[in-house]
Every structure is written in C-alpha cells, then in structure tokens.
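For reference, the chains in residue letters:
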Amino acid sequence: MAVKKGDMVRAIREKLENSLEAKASDTRFPPYLFDSKGEIVDIKGDYALVKFGKVPTPNVWLRVDQLEEFK
C-alpha cells in the first residue's frame with residue numbers, strides 16, 4: 001500500500017506481531033492499534049508516524065508494510 005500524510009490507517013496484526021520490532025520489545029500490543037483509526041502525520045523512509053486520535057495515546061512509528069487502509 002502506498003501511503004501519504006493524512007491517510008487513515010490501522011496496523012495489520014499478523015505483520016506487526018511477527019516483526020523484528022516486536023521481537024525487540026514488548027509484544028503485548030494495545031488493541032487500538034488494530035481496531036481504531038489512525039492518521040499518518042509524517043513519513044520517513046519505510047516508516048510512518050501514526051496518530052491515534054480517539055484515545056489519549058502517544059504517536060507511534062510503524063513500517064508502512066505493517067499498515068492497511070482503515071475501512
């Protein structure tokens with residue numbers, strides 16, 4: 001998926017849980033990453049900064065291949 005600033009996305013559970021990033025840190029991901037709408041606020045290389053707005057959470061950097069359009 002080609003992403004750009006302003007796109008509404010969510011994380012793909014299978015790709016995030018089996019990633020190198022997940023193995024390097026806590027693998028218990030909060031449900032909002034997969035269930036709620038996040039907005040891409042910045043992109044650097046293969047990573048996108050995603051802001052999840054409905055809940056008070058920090059912005060998170062995710063690889064663009066770990067994201068899908070929020071439907």
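The structure under discussion appears in the preceding block.
Now for a description of the structure that goes with this document. (Residues numbered from 1 in each chain as written. Predicted model: local features only at pLDDT ≥ 70, side-chain atom pairs only at ≥ 80, totals over all residues. Heavy atoms only, no water.)

### Some points on the pattern of salt bridges
Oppositely charged side chains can form a pair if their charged atoms are brought close together.
Okay, step 1: Tallying each qualifying case throughout the model produces six salt bridges.
Okay, step 2: Among the ionic pairs, K4 bridges to D7, the shortest N-O distance being 3.1 Å.
Okay, step 3: Accessibility expressed as a relative area gives 17% for D7, which makes it buried.
Okay, step 4: Among the ionic pairs, E21 bridges to R63, the shortest N-O distance being 2.8 Å. On the criterion of sequence distance, the pair formed by E21 in helix α2 (residues 20-23) and R63 in strand β4 (residues 60-63) is long-range, its members being 42 residues apart.
Okay, step 5: Exposure remark for E21: the relative accessible area of 28% places this residue in the partly exposed category.
Okay, step 6: Three or more residues joined by partner-sharing salt bridges are found here, namely E21, R63 and D65. (Salt bridge = Lys/Arg side-chain N within 4 Å of Asp/Glu carboxyl O. Buried < 20%, exposed > 50% of the residue type's maximum accessible area, 1.4 Å probe, protein only. Helix = DSSP H or I, 4+ residues; strand = E, 2+ residues; numbered from the N terminus.)

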